[in-house]
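Commentary on secondary and tertiary structure
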Amino acid sequence: MKTVYLLNGPNLNLLGKRQPEIYGHETLADVVQSCTTTASALGLGLYAFQSNHEGAIIDKIHEARDKAAGIVINPGAFTHTSVAILDALNAFEGPVIEVHISNVHKRETFRHHSYVSLRAEGVIAGLGTEGYLAAVRRLAMLLA
């Protein structure tokens, strides 16, 4: 069974509690459960990880080189700042889908730039937590 890594960056551990008017009321545990169910129905395994630390996310991307067929990543604020995460993703050979819960293009201008998008096969923004499920479905198609 192919495995998808679901990686979440800083502050996403507060999903459902932090700015629910932007990010909604679902928790990260809810998102992981929904993604696990969707992945399983598509014949995929799912491994989820969240960290507020850039290096920990990079370590998981490195680990994914040997353990994952694809990556769904919501790098949070690291989207706009981390060349190091981009470099790690460039060393991963499978498909990558970037997810943002909010529509980053309707927000502050600094959020309009993404280093991760330079590597991603697709970018999903503004669909709320449903964007994660769309990303898992897209990965399943790319990995078929």
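Attention here is on the structure that accompanies the text.

What counts, and at which threshold
- Residues numbered from 1 in each chain as written.
- Predicted model: local features only at pLDDT ≥ 70, side-chain atom pairs only at ≥ 80, totals over all residues.
- Heavy atoms only, no water.
- Helix = DSSP H or I, 4+ residues; strand = E, 2+ residues; numbered from the N terminus.
- Polar contact = N/O pair within 3.5 Å; in protein donor to acceptor, adjacent residues only side chain to side chain.
- Salt bridge = Lys/Arg side-chain N within 4 Å of Asp/Glu carboxyl O.
- Core = buried A, V, L, I, M, F, W, Y, C linked by side-chain atoms within 4.5 Å.
- Buried < 20%, exposed > 50% of the residue type's maximum accessible area, 1.4 Å probe, protein only.
- Contact = heavy atoms within 4.5 Å.

In this section: the side chain of His100. On the secondary structure map, His100 appears in strand 4 (residues 96–100). A polar contact is formed between the side chain of His100 and the side chain of Glu98, at a distance of 2.6 Å.

Pairing is possible between side chains that carry opposite charge, provided their charged atoms lie close to one another. Within the structure shown, the criterion is met by 2 salt bridges. A salt bridge links Glu121 to Arg119, with the nearest nitrogen and oxygen atoms 3.1 Å apart.

One finds Val4, Leu15, Cys35, Leu46, Val72 and Tyr132 to be the most contacted residues of the largest nonpolar core, which totals 25 residues. Residue assignment for this core shows that the elements contributing at least two residues are strand 1 (2–8), helix 2 (28–41), strand 2 (44–50), strand 4 and helix 5 (130–143). Tallying contributions element by element places helix 5 first for this core, with 8 residues. Once you skip the residues sitting within four places of it in the chain, Tyr132 turns out to touch Leu6, Asn8, Leu12, Val31, Cys35, Val72, Asn74, Val99 and Ile101. Ranked by size, the runner-up nonpolar core spans 17 residues in total, among them Tyr5, Ile61, Leu89 and Val96.

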